[in-house]
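Chain and residue survey
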Amino acid sequence: MLIKRSPNGIDLPFSSEITPRAVFESRRSFLRQMALGAVAGGALLESLDQEALAQGLNPKLAAKLNPAYSALDKQSAYKDATSYNNFYEFGTDKSDPAQNAHTLKTQPWTVSIEGEVKKPLTLDLDALLKLAPLEERVYRLRCVEGWSMVIPWVGYSLSELIKRVEPTGNAKYVEFITLADKKQMPGVGSRVLQWPYVEGLRLDEANHPLTLLTLGMYGETLPKQNGAPVRIVVPWKYGFKSAKSIVKIRFVREMPRTAWNLAAPSEYGFYSNVNPEVDHPRWSQASERRIGEDGFFVRKRKTLMFNGYSDVASLYSGMDLKKFF
C-alpha cells in the first residue's frame, strides 16, 4: 500500500485508498470549508443533517482523525461494510440487516448507565455526542467466522463515560444490554439466541483506551444495520463482542452471561480475544479473508494475535489464553 507523509510527520494512506461512497467525500470537502470559516458551524451542520436525511443518508459527524489509534490498512468499501453484516436481530443472512433494519427507530434513544456506580446516568443521543470530543479511528475488524474488514469508526474511548459515573470498588465487569423489540427487529422472534443480546467486558478491558463508544462510521452517524445509534467496538476481540444498539450499560460484580457464550459455551468464550493459536471447534482461526479482496488467486491473510493490537497483551498477563478463550 502506498503511503504519503503529512506535514506533521504522520503517515497517512492516500485518499484513493479510502473507499466510502462518493457523497461522503463531497460532504467532507464541504465541511472542510466550514472549518475555514465559510459559514457558521452550527447552522451548517443543522442544514447538512437535514439535507442528508432528506436524501436518505446518515448525517455527518465532525470528528478529527486520531492517528495513534488508526491502522494504515486499506479501508473497506462503505458498501461492503454496510451490506455484509451480522446483526441477528434483523436476520441471520449477511444481507438481512441492510434489507430489514430500516424498521429500527433511533430517535428518541436513551442509554442508562447503572449498577455499581456512584453517579448513575441516563443519556440521550445528544448528550452522548457531547460527552467527549469525537474521534475518527480506523480499526481492523475480525469476525469469529474467519473474515475481516477495516473500518473508520467515529466515537471516543468508553473510559470517558466510565469516569463520569464513578464505578464503585464492587464493579468488576461491564455489561452491555441491547435493544430487543420484536416490532422493530424481526429476528428477535427467533430461537437462535436468548434476547436481549448481552455482551460484557472486564472493567479493565472496558477502560482500555482502544475500547470505543461508537456513534458513527465513515464520517457519518451509524447506519441502522451497523448498530445505530450507539454501539461498542473492541478491536482486539472477535466482532460479536462489540454490542450494537445499546440501551443499557451495567457495572456488575460477576461475569455477565453473554449471548453467544450462553448459546454455545464450548465455541464462544467470554473473552473471545482474536487468537490465531486457538481454533474454533469447527474451523481454523490462523487466517482470515479480507472482505473486498476477491478473486480465485487471492490468498487469505495471516491472522495476528489480538488482531494486531499488541498493546492489550498486558491485560492478560499470566492467563492461559487457551483456557480463557
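It should be emphasised that the depicted structure is a prediction, and the values quoted were computed from it without experimental measurement.

**Considerations on the overall build of the protein**
A count of helices and strands for the protein gives 8 helices and 15 strands. Taken across its 325 residues, the protein has 51% of its residues classed as buried. For the protein, long-range pairs separated by at least 24 residues make up 70% of all intrachain contacts whose partners lie at least 6 apart in sequence. In the form shown here, the protein has an accessible surface area of approximately 15,600 Å², with 52% of it arising from carbon and sulfur atoms.

**Points about the environment of P223**
With respect to the helices, strands and loops of the structure, P223 is situated in the loop between β11 (220–221) and β12 (231–233). In this structure P223 comes out as buried when scored by relative accessible area, which is 4%. Distance in space between the C-alpha atoms of P223 and P59 is 9.8 Å, their sequence separation being 164 residues. Not counting the four nearest positions on each side in its chain, P223 is found in contact with N58, Y78, T82, M217 and A228.

**Thoughts on the nonpolar core**
Within the largest apolar cluster, 78 residues are counted, with the highest numbers of intra-cluster contacts made by L128, F176, W236, I249 and F251. The leading source of residues in this core is strand β7 (residues 147–157), at 6 residues. Setting aside chain neighbours within four positions, we find I249 in contact with V111, S112, I113, E114, L161, V174, E175 and F176.

**What to know about the packing of aromatic side chains**
Considering all chains together, one arrives at 12 aromatic pairs under this definition. Taken together, a centroid distance of 5.0 Å and an interplanar angle of 80° make the contact between Y84 and W147 edge-to-face. With Y84 in the loop between α3 (78–83) and α4 (96–100) and W147 in strand β7, the pair connects residues that are 63 residues apart, well separated along the chain. With a centroid separation of 5.9 Å and an interplanar angle of 75°, the aromatic rings of Y139 and Y309 are classed as edge-to-face. With Y139 in strand β6 (residues 135–142) and Y309 in the segment after β15 (301–302), this pair connects stretches of sequence that are 170 residues apart. In textbook terms, an aromatic cluster arises when at least three aromatic residues are bridged by ring pairs, as seen for Y173, F270, Y271, F306, Y316 and F324. Over the face of the ring belonging to Y84 we find K94, whose NZ or CZ atom lies 5.7 Å from the ring centre. The ring centre of F87 lies 5.4 Å from the NZ or CZ of K244, which sits over that ring.

**Details of the pairing of strand β9 (residues 198–202)**
With 5 of 5 residues buried, β9 is to be regarded as a mostly interior element. Of the two faces of β9, both are covered, the one formed by V198, G200 and R202 as well as the one formed by E199 and L201. With 5 bridges connecting them, strand β8 (residues 173–178) and β9 associate as antiparallel partners. Paired with I177 across the two strands is V198, which belongs to β9.

**A few points about the confidence of the model for the protein**
Atomic detail in the predicted coordinates should be set aside for any region of low pLDDT. With 83% of its residues at a pLDDT of at least 70, the protein reaches an overall mean of 87. Here residues 1–48 is a poorly scored stretch, pLDDT under 50, and it has 66 contacts once near neighbours within four places are set aside; other chains count.

**Observations regarding the environment of R137**
Structurally, the position occupied by R137 is in strand β6. Among the residues examined, R137 registers a relative accessible area of 2% and is labelled buried. Between the C-alpha atom of R137 and that of S70, which follows or precedes it by 67 residues, the distance is 5.0 Å. If we skip the residues at most four places from it in the chain, R137 touches N66, Y69, S70, I151, P152, W153, S157, P209, L210 and L212. Among the polar contacts made by the side chain of R137, one reaches the side chain of S157 at a distance of 2.9 Å.

What counts and what doesn't
Residues numbered from 1 in each chain as written. Predicted model: local features only at pLDDT ≥ 70, side-chain atom pairs only at ≥ 80, totals over all residues. Heavy atoms only, no water. Helix = DSSP H or I, 4+ residues; strand = E, 2+ residues; numbered from the N terminus. Buried < 20%, exposed > 50% of the residue type's maximum accessible area, 1.4 Å probe, protein only. Contact = heavy atoms within 4.5 Å. Areas by Shrake-Rupley, 256 points an atom, 1.4 Å probe, with all protein chains shown as cover. Core = buried A, V, L, I, M, F, W, Y, C linked by side-chain atoms within 4.5 Å. Phe/Tyr/Trp six-rings, centres within 6.5 Å; stacked < 30°, edge-to-face > 60°. Lys NZ or Arg CZ within 6 Å of the ring centre and 35° of its normal. Pairing = 2+ DSSP bridges. pLDDT = per-residue confidence, 0-100. Polar contact = N/O pair within 3.5 Å; in protein donor to acceptor, adjacent residues only side chain to side chain.

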